[in-house]
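The chain contents come next:
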Amino acid sequence: MTSKTAFITGASVGIGRATANVLADQGYQLVLLARRAEKLDALAAQLSTPVHIIACDINDHAAVDAALHSMPEIFRNPDVLVNNAGLALGIKPADQTDWLDWQTMIQTNCLSLAYLTRKILPSMVERNQGHIINLGSIAGRYPYQGGNVYGATKAFVEQFSRNLRTDVLGKQIRVTNLSPGIIGNTEFSLVRLHGDESAANAVYDSCQALTPEDIAECIRWAVTLPAHVNINEIEVMPTCQAAGGLAIARD
Ligand code: 8X3
């Protein structure tokens, strides 16, 4: 019997790796995409499910195309696509940010997510089955200082998810937008703060953030519900976090 296939991007660490563990546990065979081959190899070695590794930069669309074309037959038709690859870069106010950071976030979080979805979706439509899980963020729903383009890219992901859902209406294809709040034990803040370890650690100081495993459990829930149940949106924060409310600048 052929098992179902899940395709996970940004699979080498954090939410991607935790999701690989959970979906392997659910009996999925996995396609894991990330840049760092050695991390993917290490993950694959500890999973007891067939794994196909794609070690490439998701922003290199020619490399993504080549990898999809040379994929072994049994992995070619993903039943679940977890669009997890994405990043935040910088926390400065909009007038002081690095343009390249903005460009990289838009490229990765919007363009490459849309690109891979456009590549995988036709096989789901053709087989009349599938589930796309897009990793949004609470930053796409609530503004915060320094959230500028990062939050905007995640708002794109959320609306893209809603629109995808509308386009596949009538097909047995589910689309879920998952918007987590602050998550510890990932490289998220280290990347955002350009490698400044003490600043990255300070983000999680004296609060119990979500873990990648918490998010992977949300994905397990959405994926394992009966096929007629589509979870449109999941918004999840740690108990120590809440939306901050409106601000007023006073003289
Ligand atoms: C990351 C969540 O709270 O750092 O997407 O903006 S938060």
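Residues numbered from 1 in each chain as written. Predicted model: local features only at pLDDT ≥ 70, side-chain atom pairs only at ≥ 80, totals over all residues. Heavy atoms only, no water.

The name given to the protein chain in an unreviewed UniProt entry is NAD(P)-dependent oxidoreductase, with Arenicella chitinivorans as the source organism. Of the protein chain, the UniProt comment under Sequence similarities (unreviewed entry) reads exactly: "Belongs to the short-chain dehydrogenases/reductases (SDR) family." (UniProt positions renumbered as here; feature names shortened; annotations may be inferred.)

1. Section: the site of the ligand
Taken together, Ser-137, Ile-138, Ala-139, Tyr-144, Tyr-150, Pro-180, Gly-181, Ile-182, Phe-188 and Gln-241 are the residues near the ligand. Between the ligand and Tyr-144, the relevant distance is 2.8 Å, taken from an oxygen atom to a side-chain nitrogen or oxygen of the residue. At 2.5 Å, a side-chain N or O of Tyr-150 approaches an oxygen atom of the ligand. Protein chains bury 86% of the 240 Å² of accessible surface belonging to the ligand in isolation. (Near = heavy atom within 4 Å. Polar contact = N/O pair within 3.5 Å; in protein donor to acceptor, adjacent residues only side chain to side chain. Areas by Shrake-Rupley, 256 points an atom, 1.4 Å probe, with all protein chains shown as cover.)

2. Re the nonpolar core
Core analysis: the largest hydrophobic core is formed by 32 residues, its most contacted members being Leu-23, Leu-30 and Leu-32. Among the secondary structure elements, those contributing two or more residues to this core are strand E1 (5-9), helix H1 (14-25), strand E2 (29-34), helix H2 (37-45), strand E4 (80-83), strand E5 (130-135), helix H8 (212-224) and strand E7 (233-236). Setting aside residues no more than four positions away along its own chain, Leu-32 makes contact with Ile-8, Ala-11, Ala-20, Leu-40, Leu-43, Leu-47, Val-51, His-52, Ile-53 and Ile-54. With 25 residues, the next largest nonpolar core counts Met-71, Ile-132, Val-157 and Val-175 among its residues. (Core = buried A, V, L, I, M, F, W, Y, C linked by side-chain atoms within 4.5 Å. Buried < 20%, exposed > 50% of the residue type's maximum accessible area, 1.4 Å probe, protein only. Helix = DSSP H or I, 4+ residues; strand = E, 2+ residues; numbered from the N terminus. Contact = heavy atoms within 4.5 Å.)

3. Observations regarding the pairing of E7
Regular strands show a simple pattern: their side chains alternate between the two faces of the sheet. Because side chains alternate across E7, one face comprises the buried residues Ile-234 and Val-236, and the other comprises Glu-233 and Glu-235, none of which is buried. Relative to E7, strand E6 (residues 173-180) runs parallel, the two being bridged by four bridges. Bridging across to E7, Leu-178 finds its partner in Ile-234. (Pairing = 2+ DSSP bridges.)

4. Things to note about the state of the cysteines
Taken as a whole and assessed by the stated rule, the structure comprises zero disulfides. Cysteine Cys-110 is unpaired, with the sulfur of Cys-56 as its nearest cysteine sulfur at 19 Å. You can see Cys-240 has no disulfide; the closest cysteine sulfur is in Cys-207, sitting 4.1 Å from it. For Cys-240, a relative accessible area of 43% gives the class partly exposed. (Disulfide = S-S within 2.5 Å.)

5. A word on unusual backbone geometry
Of note, the phi angle at Asn-185 is positive, near 55 degrees, even though the residue is not glycine. For Asn-185, the position within the fold is in the loop between E6 and helix H6 (188-192). With a phi close to 55 degrees, Ser-206 is a non-glycine residue in the positive phi region. Owing to a relative accessible area of 75%, Ser-206 belongs among the exposed residues under this scheme.

6. Quick notes on the pairing of E6
Counting buried positions over the eight residues of E6 gives eight, a clear majority of the element. Neither face of E6 is left uncovered, since the one carrying Ile-173, Val-175, Asn-177 and Ser-179 and the one carrying Arg-174, Thr-176, Leu-178 and Pro-180 both have all their residues buried. In this sheet, E6 lies alongside E5 in parallel orientation, the contact comprising six bridges. Opposite Asn-134, over in E6, you have Asn-177 as the bridge partner. Each parallel crossover has a hand, and for E5 linked through helix H5 (residues 148-167) to E6 it is right-handed. (Right-handed = clockwise from strand over helix to strand, strands pointing away.)

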